[in-house]
Amino acid sequence: MLSRLSAALRRDAVGGLLLIAAAVIALGWANSPYSGTYEALRALSFGPSAWHLHLSVQQWASDGLLAIFFFIVGNELKQEFTHGDLRHPRRALLPMVAALCGVLVPAALFAAITWGSGEAARGWGIPMATDAPFAVAVLAVIGRHLPAALRTFLLTLAVVDDLVAIIVIAAFYPSDLSLAPLAGALALLALFGYLQRGHGPLAGALTAWQARTRAAGWVIYTPLALAIWALMHASGIHATIAGAAMGLLMRTRPLPGRPDETGTSDQSGAVGGDPSHRAEQLLRPVTMGLVLPLFALASAGVALDNPSELLSEPVALGVLAGLLLGKSLGIAGGAYLTAKLTRAELHPSLAWTDIIGMALLAGIGFTVSLLISELAYPGHPGMLEHVKGAVLIASALATVLASTVLIPRNAHYRDRPPGPSSLPSSPPRTR
């Protein structure tokens, strides 16, 4: 039963639908007669004050739970750079340039619209991010017959998009910086990376201890990860960066002759898998089934007393323009110009209409957009509510607009006889 549930939660459509359902529940709850209980629950605080961890439920969701999501993101980035399409620059050039244009154009549009608006301009990073689980789930629901290459294009784009989001959060949205905890977090991150390499006296001693005691790897790495996260949070840098950094440090290859984290090895003496893939297999169902829905439940509850007011708010207009216009123009335009000006080529199974539909779908900015909005406007609750409302409205409109393009394309591919052009060049990776 548990294995079937885990397998279901690894599917794009299932995880994405849970995310959407949680957002709808939060939105309905915040606009119901029981909205007071929703706000009281989000504001409920707990945790040790001595460690700067007396946080509200909403903070635990965005600072704590979301670190697990960013660990998966960092882990996937490492796998893509090591084994995936991103290790072949020519193959990855088109989606990578499209992703960068899809980051820069929305940020520029937001900055232009909010120019001269004071604190409002701080949110330029909000429309940069595409919500990969949400977008891939929608693609899985409306595009069962679309070429697998379109999903691969979206995933590669999302990998680059997530990398830029990580850099933006770390560089532009820190709170007051505290150097001592930051130094401690960096030292423990270095230890984490050293142990992941599996070479050296300390790593050898640890491996021998695991072989002798048959201790699982989580016994060692979980306390270390929690310490890194707590120190990163205390430093003033958003704690999700700790999750992304640990994901990027994960080992993606087995070590011959070494017992794996469960104390077993295969008949050839190689590790049964590698830590990166085992961590992903373990944490992905938790992330899709628990982490992201809980974050959506805690963050998506926006009181939409007068939605028409959004049209008069520069921050809301910046978000709407960035996600709906900037994303589609940046991604589709960047991909087209790259194909025309370089030797990069669009996959033969795809048409430019497919890319336009996918670019509209990339306007779904949910998880990371909501996170950056909380970081950009911590002392401006009214502005934050307007921004969150704009993110939700833009994501809903992006879904509708993308569907008007991709549903007819899905019917086209469904009715077309199968041929070589409909086959992907490489198996799509799970995200």
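That block above? That's the structure.
Now for a quick tour of the structure. If you're wondering where the values come from, they're calculated on a predicted model, not measured in any experiment. (Residues numbered from 1 in each chain as written. Predicted model: local features only at pLDDT ≥ 70, side-chain atom pairs only at ≥ 80, totals over all residues. Heavy atoms only, no water.)

## Some thoughts on the overall build of the chain
Step number 1: Along its length, the chain carries 16 helices and two strands.
Step number 2: Within the chain, the proportion of its 431 residues that are buried is 52%.
Step number 3: Excluding contacts between residues fewer than 6 apart, the proportion of contacts in the chain whose partners are at least 24 apart in sequence is 80%.
Step number 4: Surface summary for the chain: the accessible area is close to 19000 Å², and the carbon and sulfur share equals 68%. (Helix = DSSP H or I, 4+ residues; strand = E, 2+ residues; numbered from the N terminus. Buried < 20%, exposed > 50% of the residue type's maximum accessible area, 1.4 Å probe, protein only. Contact = heavy atoms within 4.5 Å. Areas by Shrake-Rupley, 256 points an atom, 1.4 Å probe, with all protein chains shown as cover.)

## A closer look at the packing of aromatic side chains
Step number 1: Within this structure, the stated rule accounts for nine aromatic pairs.
Step number 2: Relative to Phe-172, the ring of Trp-124 has its centre 5.1 Å away and its plane inclined at 80°; by these criteria the two rings are edge-to-face. Separated by 48 residues along the polypeptide, Trp-124 in the loop between helix H5 (89–113) and helix H6 (132–142) and Phe-172 in helix H7 (residues 148–172) bring together distant segments of the chain.
Step number 3: By relative accessible area, which is 48% here, Phe-172 ends up partly exposed.
Step number 4: Counting every residue linked through ring pairs, the aromatic cluster contains Phe-46, Trp-60 and Trp-229. (Phe/Tyr/Trp six-rings, centres within 6.5 Å; stacked < 30°, edge-to-face > 60°.)

## Observations regarding the nonpolar core
Step number 1: Membership of the largest hydrophobic core comes to 109 residues, with the highest contact counts inside it found for Phe-70, Leu-361 and Phe-366.
Step number 2: Not counting residues up to four positions away in its chain, the partners in contact with Phe-70 are Ile-166, Ile-169, Thr-240, Gly-243, Ala-244, Val-368 and Leu-371.
Step number 3: One finds Leu-53, Leu-55, Ala-67 and Trp-229 within the second-largest nonpolar core, a separate group that totals five residues. (Core = buried A, V, L, I, M, F, W, Y, C linked by side-chain atoms within 4.5 Å.)

## Re the pattern of salt bridges
Step number 1: Under the defined criterion, the tally for this structure stands at eight salt bridges.
Step number 2: One salt bridge in this structure joins Glu-39 and Arg-42, with 2.9 Å as the shortest N-O distance. In this pair, Glu-39 and Arg-42 are both assigned in helix H3 (residues 35–43), three residues apart and thus about one turn of the helix distant.
Step number 3: Under the relative-accessibility criterion, Glu-39 is labelled partly exposed at 37%.
Step number 4: The class of Arg-42 is buried, set by a relative accessible area of 6%. (Salt bridge = Lys/Arg side-chain N within 4 Å of Asp/Glu carboxyl O.)

## As for the environment of Ala-23
Step number 1: Here Ala-23 shows up in helix H2 (residues 12–30).
Step number 2: Residues Ala-23 and Ala-300 lie 277 residues apart in sequence; the distance between their C-alpha atoms is 5.5 Å.
Step number 3: Excluding anything up to four places from it in sequence, Ala-23 contacts Ala-296, Ala-300 and Phe-366.

## Notes on the environment of Ser-178
Step number 1: Structurally, Ser-178 can be placed in the loop between H7 and helix H8 (179–197).
Step number 2: Residues contacting Ser-178, with those up to four places away along its chain left out, are Ala-234 and Ser-235.

## Concerning helix H15 (residues 367–376)
Step number 1: Burial of H15 is extensive: ten of the ten residues sit out of reach of the surface.
Step number 2: Buried within H15 we find Thr-367, Val-368, Ser-369, Leu-370, Leu-371, Ile-372, Ser-373, Glu-374, Leu-375 and Ala-376.

## Here we look at the packing of helix H13 (residues 314–341) against helix H14 (residues 352–361)
Step number 1: Direction vectors running N to C along H13 and H14 enclose 150°, while the axes themselves pass 7 Å from each other. For the crossing formed where H13 meets H14, the hand is right-handed. On H14, the residues that touch Lys-327, Ser-328, Ile-331, Ala-332, Ala-335, Tyr-336 and Ala-339 of H13 are Trp-352, Ile-355, Ile-356, Met-358, Ala-359 and Leu-360.
Step number 2: A per-class count over the contact of H13 with H14 returns eleven nonpolar, one polar and one charged. (Axes fitted to C-alpha atoms, helices over the stretch in contact; angles between N-to-C directions. Left-handed = near helix turned anticlockwise from the far one by under 90°. Nonpolar A, V, L, I, M, F, W, Y, C, P; charged D, E, K, R; others polar.)

## A few points about the packing of helix H4 (residues 57–82) against helix H11 (residues 240–248)
Step number 1: Following both chains from N to C, one finds H4 and H11 inclined at 25°, their axes separated by 6 Å at the closest point. Relative to H11, the element H4 is oriented roughly parallel. Considering how the two elements wind past one another, H4 and H11 form a crossing that is right-handed. Across the interface between the two elements, Ser-62, Asp-63, Leu-66, Ala-67, Phe-70, Phe-71, Gly-74, Asn-75, Leu-77 and Lys-78 from H4 touch Thr-240, Gly-243, Ala-244, Met-246, Gly-247 and Leu-248 from H11.
Step number 2: Grouping the constituent residues of the contact of H4 with H11 by class yields eight nonpolar, six polar and two charged. (Parallel < 35°, antiparallel > 145°, perpendicular 65-115°, else oblique.)

## As for a nonpolar patch on the surface
Step number 1: A contiguous nonpolar patch, built from Ile-113, Leu-311 and Leu-317 and spanning about 250 Å² of accessible area, is present on the exposed surface.
Step number 2: The residue Leu-311 is located in the loop between helix H12 (275–299) and H13 in this model. (Patch = residues over 30% accessible without salt bridge, like charges linked within 9 Å, V, L, I, M, F, W, Y side chains within 5 Å.)

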